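# An overview of the molecular structure
Residue-level listing of the chains:
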Amino acid sequence: MCGIIGYVGNENAVPIIVDGLKKLEYRGYDSAGIAVYGESGLFDVVKQKGRLAALEDKLSGFAVKGIMGIGHTRWATHGEPSDANSHPHLGTGGKIAVVHNGIIENYKQLKEYLLKKGICFASQTDSEVIAQLAEYYYNGDIMETIIKVANRLEGSYALGIMCTDDPDRLIAIKKDNPLIIGVSEHGSFIASDVPAVLKHTNRVYYLGDKEIAVLKKDSVSFYNIDREPIEKTLERITWSAGSAEKGGYEHFMLKEIMEQPKVLRDTIASALNSGENKTVIDKLEIERYNKIVITACGSAYNAGFAAKYIFERLCRFPSVEVELASEFRYKDAVIDSKTLVILISQSGETADTIAAMREAKSKGSDTLSIVNVVGSTIAKEADYCLFTAAGPEIAVATTKAFSTQLVLLYILAIRFAARLGRITPEYERELSHQITTLPDKAAQILEQIDFIQKYASESVGSKSIFFIGRNIDYAIALEGSLKLKEISYIHSEAYAGGELKHGTISLIEEETLVVALSNCPSLYGKIMSNIEQVISRGAKVLMIGNQPKIKSDGKLSHIPLPEICELFSPSLSVIVMQLFSYYTAANKGLDIDKPRNLAKSVTVE
């Protein structure tokens, strides 16, 4: 949540920071602000409630200029969205400016302490405590001050800090929230995510917890919390700046849906043919484990839930559990050294998933992560890591990252089953071949979207939309429902088809839309029975699947899918549901890439 950026260099910091904030706005868009060290020797601060465009309008009325500055786009946690609660925050004397991503859990105690010292606060945020505490401690040595502050803070933070006494140094420190350091010919950067700096550089450092970065226009140095110098590895980002642009599409989400054939192909090749993912999978001693636990949040959890069916079907493991990371971290899970815990996270920085990983490691379990971001916390701390080849995903609602997570889970299950002797070499080859056909079959769906667009336009007025399926179709129905509610704000739920009669069918009324998935041949009759039950109560049904090809009529419409093994059908069903959700939201005129109240990377609890 929240996005921060900072710059010190040879150029005017304002346009660089504003452009960087545009690339980070998916992390929060309740308000935005910048602080620049100006020619007066003071900080020029401009903050504005609302989207970044409102800040740009406000900046046009100010002559703000300087070669060092920090910026922030906010997802509100403490205090309502307002100008006063926007970042950056300054100490009372205006000497220290701070931007913060994270949550300070002991801010109330710190605030009470400072209030007793006569310090006044201008906002309701937890973040202002950092600036006020820093200024209270400041004795002329900004590094010593930051270390003192860090040792008092409880919670999570990524901080960019400036001091008027150090007009050429930008300081950064983090704990449990991502922060990168970029270096270029014209200056140095801090940012919450790579896209914010790609226009200027592809050379970055990943800051570790309780590590301090001191940035100057032509150098960067690193220290631990004891102020001892440390060495860090400079990494090159392979993404192009263009990959984080819309590329002619109206929204990032549509662009990312359309990119799925390519990213599926790249991810499959990395795990089936040759590549680091194949090397990692081959290293896993699957024979050691008697239990698999998959843990994640949101869409990543849905990918894990779908994978549960595949692991059980192919591997015949005694126990395959799927847990919400936010629950797993607190449940005192029954796991040990014979448990493999699989963690799924697009950003690799999801706070609950990081905590779940550390809980698993503390109990002796091996951890395997599936992430999209090299250098992320989960990627670095997990015992094994598989990387999706999704590239940067900017829209808040995940599409291509989800699809690549899913295909890596397929491949993992197949390899585990083969190693355990649960499937024959011939069946392994057949399943692997079917996976290689997914990119082309995804492309077939994306070439025929007219009906989806039309049906979505007719569904805009729906009050509630229900998704039903059985077996693995039910698992992927969860993702379809989540996608719809995320971006269209239409109430939606997913149910196992057999559960309709246990209460849910009471919600079905005239013209209610039900999306029914049917890709399991043995269960076709069962799902058709559910469809007839809801139609008899007035519902309209959109059926998605390849079992079998049926004719649409007044109450029942059908979107056929290319033939594929039912185990891998979620990869095709989900594309139809992504498009349906996208066009439903588009027809409502909503801000699809930045849905209300949501942020891309959930780095707070």
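Residues numbered from 1 in each chain as written. Predicted model: local features only at pLDDT ≥ 70, side-chain atom pairs only at ≥ 80, totals over all residues. Heavy atoms only, no water.

### Here's the deal with the packing of helix 3 (residues 107-116) against helix 4 (residues 128-137)
- Relative orientation of the contacting elements helix 3 and helix 4 amounts to 45 degrees, with a least axis distance of 10 Å. Judged on the interaxial angle alone, helix 4 and helix 3 are oblique. Considering how the two elements wind past one another, helix 3 and helix 4 form a crossing that is left-handed. Contacts between helix 3 and helix 4 involve Tyr 107, Leu 110, Lys 111, Tyr 113 and Leu 114 on the former and, on the latter, Val 129, Gln 132, Leu 133 and Tyr 136. (Axes fitted to C-alpha atoms, helices over the stretch in contact; angles between N-to-C directions. Helix = DSSP H or I, 4+ residues; strand = E, 2+ residues; numbered from the N terminus. Parallel < 35°, antiparallel > 145°, perpendicular 65-115°, else oblique. Left-handed = near helix turned anticlockwise from the far one by under 90°. Contact = heavy atoms within 4.5 Å.)

### Digging into the sheet that holds strand 21 (residues 464-469)
- Taken in spatial order, the five strands line up as 22-21-23-24-25 in an open sheet, and their pairing is parallel. The open sheet is flanked by strand 22 (491-496) and strand 25 (556-560), the only strands paired with a single partner. Looking at each pair of strands side by side, their axes are set apart by 20 degrees on average, direction ignored.
- Sheet analysis places strand 23 (residues 513-518) next to strand 24 (residues 540-545), joined by six bridges and oriented parallel. Bridged to Val 514 within strand 24 is Val 541.
- Sitting on the sheet, helix 17 (residues 472-488) touches strand 21, strand 22 and strand 23, and the angle it makes with strand 22 is about 175 degrees. (Pairing = 2+ DSSP bridges.)

### Some thoughts on the packing of helix 7 (residues 260-272) against helix 15 (residues 438-446)
- Put simply, helix 7 and helix 15 touch, their axes get as near as 8 Å, and they point 175 degrees apart. Here helix 7 lies roughly antiparallel to helix 15, going by the angle between them. Contacts from Pro 261, Leu 264, Arg 265 and Ile 268 in helix 7 reach Pro 439, Asp 440, Ala 442, Ala 443 and Leu 446 in helix 15.
- Residues of the contact of helix 7 with helix 15, tallied by class, amount to seven nonpolar, no polar and two charged. (Nonpolar A, V, L, I, M, F, W, Y, C, P; charged D, E, K, R; others polar.)

### A few points about the environment of Leu 368
- Mapped onto the fold, Leu 368 is located in strand 19 (residues 366-371).
- We classify Leu 368 as buried; its relative accessible area is 0%.
- Each C-alpha atom, one on Leu 368 and one on Ile 342, is 4.8 Å from the other, the two residues being 26 residues apart in sequence.
- Among residues more than four places away in sequence, those in contact with Leu 368 are Val 280, Leu 284, Leu 340, Val 341, Ile 342, Leu 343, Tyr 384, Cys 385, Leu 386 and Leu 412. (Buried < 20%, exposed > 50% of the residue type's maximum accessible area, 1.4 Å probe, protein only.)

### Overview of the sheet that holds strand 8 (residues 170-175)
- An order of 5-6-7-8-12-13-14 is seen for the seven strands of this open sheet, with the pairing classed as antiparallel. Each having just a single partner strand, strand 5 (89-90) and strand 14 (229-230) make up the two edges of the open sheet.
- Here four bridges tie strand 7 (residues 155-163) to strand 8, and the two strands are oriented antiparallel to one another. The residue bridging Ile 161 from the neighbouring strand is Ile 171, located in strand 8.
- Each of strand 5, strand 6 (96-104) and strand 7 touches helix 4; the most contacted strand, strand 6, lies at about 135 degrees to it.
- The sheet strands contacting helix 5 (residues 142-152) are strand 6, strand 7, strand 8, strand 12 (212-216) and strand 13 (219-223), and the helix crosses strand 7 at an angle near 160 degrees.

### Description of the packing of aromatic side chains
- This model, assessed by the stated rule, comprises 14 aromatic pairs.
- Both rings, one in Tyr 113 and one in Tyr 136, keep their centres 5.9 Å apart while their planes meet at 85 degrees; by these two values the pair is edge-to-face. Of this pair, Tyr 113 sits in helix 3 while Tyr 136 sits in helix 4, and the two are 23 residues apart along the sequence.
- Look at Tyr 113 and you get partly exposed, because its relative accessible area is 30%.
- Both rings, one in Tyr 410 and one in Phe 568, keep their centres 4.9 Å apart while their planes meet at 45 degrees; by these two values the pair is tilted. With Tyr 410 in helix 13 (residues 400-419) and Phe 568 in the loop between strand 25 and helix 19 (570-587), this pair connects stretches of sequence that are 158 residues apart. Here Tyr 410 matches Phe 568 in class, with each residue buried.
- Among the aromatic residues, those joined into a cluster by ring pairs are Tyr 301, Phe 305, Tyr 309 and Tyr 474.
- Above the face of the Tyr 113 ring, Arg 152 is positioned so that its terminal group lies 5.4 Å from the ring centre.
- Across the ring face of Tyr 489, the terminal group of Arg 596 is positioned such that the distance to the ring centre comes to 3.9 Å. (Phe/Tyr/Trp six-rings, centres within 6.5 Å; stacked < 30°, edge-to-face > 60°. Lys NZ or Arg CZ within 6 Å of the ring centre and 35° of its normal.)

### Describing the nonpolar core
- Counting residues in hydrophobic clusters, the biggest one holds 126 residues, and the most contacted among them are Phe 311, Ile 342 and Phe 568.
- Top element by residues in this core is helix 13. It accounts for 12 residues.
- Those residues in contact with Phe 311 that sit more than four places away from it in its chain are Ile 292, Ile 294, Arg 316, Phe 317, Val 320, Ile 342, Leu 409, Leu 412, Ala 413 and Phe 416.
- Core analysis: the second largest hydrophobic core is formed by 30 residues, Tyr 107, Ala 134, Ile 212 and Val 214 among them. (Core = buried A, V, L, I, M, F, W, Y, C linked by side-chain atoms within 4.5 Å.)

### Points about helix 8 (residues 276-283)
- Regarding helix 8, the residues found buried are Asn 277, Val 280 and Ile 281. Along the axis of helix 8, the buried positions cluster into a sector of 100 degrees, meaning they face one direction only. Opposite the buried face of helix 8, at more than 90 degrees from it, the exposed residues are Glu 276 and Lys 283. (Arc of directions from axis to C-beta.)

Function-wise, these values are silent; they only describe arrangement.
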